[in-house]
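# Chains, contacts and geometry: an overview
Take a look at the letters that make up each chain.
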Amino acid sequence: MIIRKLYKFENAHIVRKCTSRRCSRSIHGHSYKVELFFTAPSLDRGEMVYDFGLTKGMIKDFIDAFDHAITLWSSDDPEYLRDMKKWSERWVELPVNPSAEQFARTFFLLIDRVLKQTDMVNGESDVTLDSVIVHETDTGYAKADRSDAYNEEMGTTDLSKIIFSDQVKAEWKNPKMFEELLDGKRFVNPFVA
């Protein structure tokens, strides 16, 4: 069975090297919608694939990191990167160009890692991320599944190369969660008696 959770955020970016001059040469923003699709072969003790309440922690914080922020590509012009970081408290730097396609792949990799490092304690059974859809506009979206997220022909997204601004991290429930995720820390979902 597959369940879906929807998130929304506002973000600005430049997508370098794309065919549209407006998109490749000017900072512009979008009202993004992100759909996460979770799957499992059975239901937990609450007779759910995965309790939607559990997505309000790390998963929500990672997606919210991009809200009212600018997303930067680490291969962009160093002067541009420096200026954006100087004038914006909220920014995320990615090792890939911030297109809808790369957003979908990046969110898949982050959330997949969260799930893999989370101990499920309410009878959840092999909960996995099926796919991620990132709507950049009302008429266009990118969908990534496991084969896309880990496809090196689409670019390598080394999670350790993602940089979240200090302000973004300060607003998380756990400001060290990304560092702990990269270090392989195990996370435990709450147990319901």
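Residues numbered from 1 in each chain as written. Predicted model: local features only at pLDDT ≥ 70, side-chain atom pairs only at ≥ 80, totals over all residues. Heavy atoms only, no water.

## Brief notes about helix H3 (residues 78–87)
Taken together, the buried positions of H3 are Tyr-80, Leu-81 and Met-84. Looking down the long axis of H3, one finds its buried residues gathered within 100 degrees of arc, a one-sided arrangement. More than 90 degrees from the buried face of H3, the exposed residues found are Pro-78, Arg-82 and Lys-86. Check the buried side of H3 and you find it contacts strand E3 (69–73). (Buried < 20%, exposed > 50% of the residue type's maximum accessible area, 1.4 Å probe, protein only. Helix = DSSP H or I, 4+ residues; strand = E, 2+ residues; numbered from the N terminus. Arc of directions from axis to C-beta. Contact = heavy atoms within 4.5 Å.)

## Digging into the packing of aromatic side chains
This structure, assessed with the given rule, holds 16 aromatic pairs. Seen in terms of ring centroids, Phe-9 and Phe-103 are 6.3 Å apart; in terms of plane orientation they differ by 75 degrees. Their pairing is edge-to-face. Residue Phe-9 is located in strand E1 (residues 2–13), and its partner Phe-103 is located in helix H4 (residues 100–116); the two are separated by 94 residues in the primary sequence. On the accessibility criterion, Phe-9 (2% relative accessible area) is buried. A residue is classified by how much of its surface remains accessible, and Phe-103, at 0% relative accessible area, is buried. (Phe/Tyr/Trp six-rings, centres within 6.5 Å; stacked < 30°, edge-to-face > 60°.)

## Comments concerning the side chain of Arg-90
Within the fold, Arg-90 resides in the loop between H3 and strand E4 (91–94). For Arg-90, a relative accessible area of 11% puts it in the buried group. In terms of polar contacts, Arg-90 uses its side chain to reach the backbone carbonyl oxygen of Ala-65, at 3.2 Å. Here Arg-90 is in contact with Asp-64, Ala-65, Phe-66, Asp-67, His-68, Ala-69, Ile-70, Ser-165, Gln-167, Val-168 and Glu-171, once residues within four sequence places are set aside. (Polar contact = N/O pair within 3.5 Å; in protein donor to acceptor, adjacent residues only side chain to side chain.)

## Examining the pattern of salt bridges
Inspection of the entire model under this criterion finds 10 salt bridges. A salt bridge links Asp-76 to Arg-16, with the shortest nitrogen-to-oxygen separation between them at 2.8 Å. Of this pair, Asp-76 sits in the loop between E3 and H3 while Arg-16 sits in the loop between E1 and helix H1 (21–25), and the two are 60 residues apart along the sequence. Asp-76 gets classed as buried once you look at its relative accessible area, which sits at 10%. Between Lys-169 and Asp-166 there is a salt bridge; the shortest N-O distance is 3.8 Å. On the criterion of helical spacing, the pair formed by Lys-169 and Asp-166 is a turn pair, its members being three residues apart in helix H6 (residues 166–170). Residue classification places Lys-169 among the partly exposed positions, given a relative accessible area of 29%. According to the relative accessible area criterion, Asp-166 is exposed, its value standing at 62%. Three or more residues are tied together by salt bridges with common partners; here these are Asp-112, Lys-116 and Arg-146. (Salt bridge = Lys/Arg side-chain N within 4 Å of Asp/Glu carboxyl O.)

## Topic: the environment of Ser-131
Relative to the helices and strands, Ser-131 resides in strand E6 (residues 128–135). Other than its neighbours up to four places away in sequence, Ser-131 contacts Glu-35, Leu-36, Phe-37, Phe-108, Lys-143, Ala-144 and Asp-145. A polar contact of 3.2 Å, which involves the side chain of Ser-131, links it to the side chain of Asp-130.

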